[in-house]
Amino acid sequence: DHVDEEAAWSPDGTWVAFTRSGGAAQGDVVLVNVITGAERTFLAHELAGAQKSPAWSPNGRFLAFTSNHEPVAGQSQWQIYTARVDGTHVKRRT
């Protein structure tokens, strides 16, 4: 079983990004096309740790999200990242 939460609508209303946890998902951002029902994991490659709290850019080309996949000073800490909606070009912002 899994839990879907933290939903965020794309600016054009055709996609919903949300956090999925439980089961095989440790905390993944998932995208669903509301017209077709097609679903996919947001990031182009799997990151260690969890990703959550998706938020769309005003133009709908990027998502911001939090992740604890990159240790800071040897500790797992939540940081803010952005990536293109196709899941590429992940960039840490904090």
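Residues numbered from 1 in each chain as written. Predicted model: local features only at pLDDT ≥ 70, side-chain atom pairs only at ≥ 80, totals over all residues. Heavy atoms only, no water.

What follows is about the nonpolar core. Counting 13 residues, the largest nonpolar core has Leu-31, Phe-42, Trp-56, Leu-63 and Phe-65 as its most contacted members. Of all elements in the fold, only strand 3 (25-33), strand 6 (62-67) and strand 7 (79-84) reach the threshold of two or more residues within this core. The residues touching Phe-42, leaving out its near neighbours within four places in the chain, are Val-29, Val-30, Leu-31, Leu-63, Phe-65, Ala-83, Arg-84, Val-85, Asp-86 and Gly-87. (Core = buried A, V, L, I, M, F, W, Y, C linked by side-chain atoms within 4.5 Å. Buried < 20%, exposed > 50% of the residue type's maximum accessible area, 1.4 Å probe, protein only. Helix = DSSP H or I, 4+ residues; strand = E, 2+ residues; numbered from the N terminus. Contact = heavy atoms within 4.5 Å.)

Let us look at the side chain of His-69. With respect to the helices and strands, the residue His-69 is situated in the loop between strand 6 and strand 7. For His-69, the side chain forms a polar contact with the side chain of Ser-67, separated by 2.6 Å. Once you skip the residues sitting within four places of it in the chain, His-69 turns out to touch Leu-47, Ala-48, Gly-49, Gln-51 and Tyr-81. (Polar contact = N/O pair within 3.5 Å; in protein donor to acceptor, adjacent residues only side chain to side chain.)

What follows deals with the packing of aromatic side chains. In total, this model carries two aromatic pairs according to the counting rule given. Residues Phe-42 and Phe-65 carry aromatic rings whose centres are separated by 5.6 Å and whose planes lie at 80° to one another, so their mutual orientation is edge-to-face. Note that Phe-42 is positioned in the loop between strand 4 (39-41) and strand 5 (51-56) and Phe-65 in strand 6, a separation of 23 residues in sequence. On the accessibility criterion, Phe-65 (1% relative accessible area) is buried. Plain terms: the ring middles of Phe-65 and Tyr-81 are 5.8 Å apart, the flat faces sit at 20° to each other, and that makes the pair stacked. Placement of Phe-65 in strand 6 and of Tyr-81 in strand 7 is noted, with a sequence separation of 16 residues between them. What links up through ring pairs into an aromatic cluster is the set Phe-42, Phe-65 and Tyr-81. The ring of Trp-15 carries Arg-40 above its face, with NZ or CZ at 5.9 Å from the centroid. Its guanidinium or amino end placed over the ring of Trp-78, Lys-52 lies 4.4 Å from that ring's centre, counting from NZ or CZ. (Phe/Tyr/Trp six-rings, centres within 6.5 Å; stacked < 30°, edge-to-face > 60°. Lys NZ or Arg CZ within 6 Å of the ring centre and 35° of its normal.)

Shape descriptors only; they carry no functional weight alone.
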